[in-house]
Amino acid sequence: MATVKFTYALKRFFPKLGDMDVESENLPDVIDAVEKEFPGLKKYVLDEQGALRKHVNIFVDGSLIRDRQKLSDVIEKGSEVYIMQALSGG
């Protein structure tokens, strides 16, 4: 089971969003589980090809995921997955 956490900024779009425990061994399944609870979040996080959108970052156990296209980074039991908006500006 992984714990999924979100940045506060995402609560603008999903006010009841909070930490979730998810049974999964991969990021696509984690995102699908979150989508079931919060319809529309998957579309916010992933593009039409299933790749991570440019304005979103995902960390697994404190490390930025490497595979933004297929989301193949490994999730261990007890992992912490953190989904956040990427920071930008100038």
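Keep in mind that this is a model prediction, so the values were computed, not measured.

A. Fine view of the nonpolar core. Judged by nonpolar contacts, the single largest core of 26 residues is most densely connected at F6, V45, I58, V81 and I83. Among the secondary structure elements, those contributing two or more residues to this core are strand 1 (2-6), strand 2 (20-22), helix 1 (27-37), helix 2 (41-45), strand 3 (56-60) and strand 5 (80-85). With four residues, the top contributor of residues to this core is helix 1. In contact with V45, not counting residues within four places along its chain, are I31, A51, L52, R53, V56, I58 and I83.

B. Structural context of the side chain of S79. Take S79: it is sitting in the loop between strand 4 (63-64) and strand 5. From its side chain, S79 meets the backbone nitrogen of E76 in a polar contact 2.9 Å long.

C. Focus on unusual backbone geometry. The phi dihedral of D61 is positive, around 50°, even though this residue is not glycine. Topologically, D61 is positioned in the loop between strand 3 and strand 4. Even without a glycine there, the phi angle at L71 is positive, about 55°. Mapped onto the elements, L71 comes out in the loop between strand 4 and strand 5. L71 gets classed as buried once you look at its relative accessible area, which sits at 3%.

D. Quick peek at helix 1. Buried within helix 1 we find L27, V30, I31 and V34. Burial along helix 1 is one-sided: seen end-on, the buried residues are contained in an arc of 95°. The inward-facing, buried residues of helix 1 contact strand 1, strand 2, helix 2, strand 3 and strand 5. The backbone nitrogen of D29 lies 2.8 Å from a side-chain oxygen of the residue at the head of helix 1, namely N26.

E. Molecular detail of the sheet that holds strand 4. Strands sit in the order 2-1-5-3-4 across an open sheet of five strands; the sheet is mixed. Each having just a single partner strand, strand 2 and strand 4 make up the two edges of the open sheet. In this structure, strand 3 lies alongside strand 5, joined through five bridges in antiparallel fashion. Its bridge partner being in strand 5, N57 is matched across the sheet by M84. Taken strand by strand, helix 1 contacts strand 1, strand 2, strand 3 and strand 5, and its axis lies near 130° from that of strand 2.

The rules behind each value
- Residues numbered from 1 in each chain as written.
- Predicted model: local features only at pLDDT ≥ 70, side-chain atom pairs only at ≥ 80, totals over all residues.
- Heavy atoms only, no water.
- Core = buried A, V, L, I, M, F, W, Y, C linked by side-chain atoms within 4.5 Å.
- Buried < 20%, exposed > 50% of the residue type's maximum accessible area, 1.4 Å probe, protein only.
- Helix = DSSP H or I, 4+ residues; strand = E, 2+ residues; numbered from the N terminus.
- Contact = heavy atoms within 4.5 Å.
- Polar contact = N/O pair within 3.5 Å; in protein donor to acceptor, adjacent residues only side chain to side chain.
- Arc of directions from axis to C-beta.
- Pairing = 2+ DSSP bridges.
- Axes fitted to C-alpha atoms, helices over the stretch in contact; angles between N-to-C directions.

Honestly, it's all geometry; don't read function into it.
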